[in-house]
Amino acid sequence: MSLSGGLWYYTDHLRPNQAAGIYDNVTSNDNKDRMAFGDFPMPDDYPTYLTHDRYYEYLTSYAKHFDLLRHIQCNQTVTKVRQTKDYITTGQWEVFTRATDGGKEEQHVFDAVCICSGAFTRGRIPDLPELADFKGENVTIALWWIQNLLHSIDISVVYEQ
Ligand SMILES: Cc1cc2nc3c(=O)[nH]c(=O)nc-3n(C[C@H](O)[C@H](O)[C@H](O)COP(=O)(O)OP(=O)(O)OC[C@H]3O[C@@H](n4cnc5c(N)ncnc54)[C@H](O)[C@@H]3O)c2cc1C
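Residues numbered from 1 in each chain as written. Predicted model: local features only at pLDDT ≥ 70, side-chain atom pairs only at ≥ 80, totals over all residues.

**Student:** Requested: an account of the pairing of strand β3 (residues 106-110), with residues and values cited.
**Tutor:** The buried fraction of β3 amounts to 0 of the 5 residues, a small share that puts the element mostly on the outside. Relative to β3, strand β2 (residues 93-99) runs antiparallel, the two sharing 5 bridges. The residue of β3 that forms the bridge with V95 is H108. Counted along the chain from β2 to the antiparallel partner β3, the turn is 6 residues long, and its residue G102 has a positive phi close to 105 degrees. (Buried ≥ 20, exposed ≤ 12 C-beta atoms within 10 Å, placed from the backbone. Helix = DSSP H or I, 4+ residues; strand = E, 2+ residues; numbered from the N terminus. Pairing = 2+ DSSP bridges.)

**Student:** Provide a residue-level description of the sheet that holds β2, including the pertinent values.
**Tutor:** Sheet architecture is open: 3 strands sit in the order β1-β2-β3, paired in antiparallel fashion. Pairing within the sheet leaves two strands with one partner each, and these edge strands are β1 (76-83) and β3. Within this sheet the neighbouring strands show an average axis-to-axis angle of 25 degrees, counted without direction. One ladder, built from 7 bridges, connects β1 with β2; its direction is antiparallel. Each residue of the ladder has a partner; that of Q76, found in β2, is A99. (Axes fitted to C-alpha atoms, helices over the stretch in contact; angles between N-to-C directions.)

**Student:** Break down the site of the ligand for me, with residues and values.
**Tutor:** Neighbouring residues of the ligand: 20 residues in total, closest G6, S28, V78, S117 and G118. When grouped by side-chain class, the residues that make up the shell around the ligand number 10 nonpolar, 9 polar and 1 charged. (Near = placed C-beta within 6 Å. Nonpolar A, V, L, I, M, F, W, Y, C, P; charged D, E, K, R; others polar.)

All we've got here are geometric facts, nothing functional implied.
Printed below as a string of structure tokens:
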């Protein structure tokens, strides 16, 4: 079972629901004090800028410290979220999930829902007319690092704000 940690849980392949990720030698571009939760400072012996395994270790220790792991179900895809039929009186939500390795869809009811699916979950290829004539392969940054294309071919980077 993979633990929580979102994109900071590093694997050398894309996981379900993942289109971007950190690469093996990534170092945080913000310092450890700004990346720490206010109620759980980073250990003194951590470097100022963190490797991904250190930040993942920090996130995991946060979850353990506040006993959050028992509330987290990993390897589940949220397939649908909608208001319950009696939402007007209960304010509740129906959340549908399916195990990432398949299986039956399951239904849960919650009082509140936070959608935290990540800003980098879906890759996007810009809709540029010039790309129609481009003979190479168009990939998002996630596939770029996964396939290690940097080491093997000439690349052109298109950055869209
Ligand atoms: C290369 C890179 C470097 C970065 N460096 C820094 C840094 O140095 N400092 C910094 O503060 N931030 C950095 N970031 C930003 C990063 O997005 C945040 O640090 C942080 O991971 C965001 O947390 P999150 O929970 O919003 O999203 P994520 O960590 O992306 O977590 C979202 C989770 O939701 C899951 N998910 C999505 N859809 C579904 C679904 N339908 N069902 C179930 N699960 C789903 C995803 O699989 C993922 O596990 C970096 C990002 C990248 C890509």
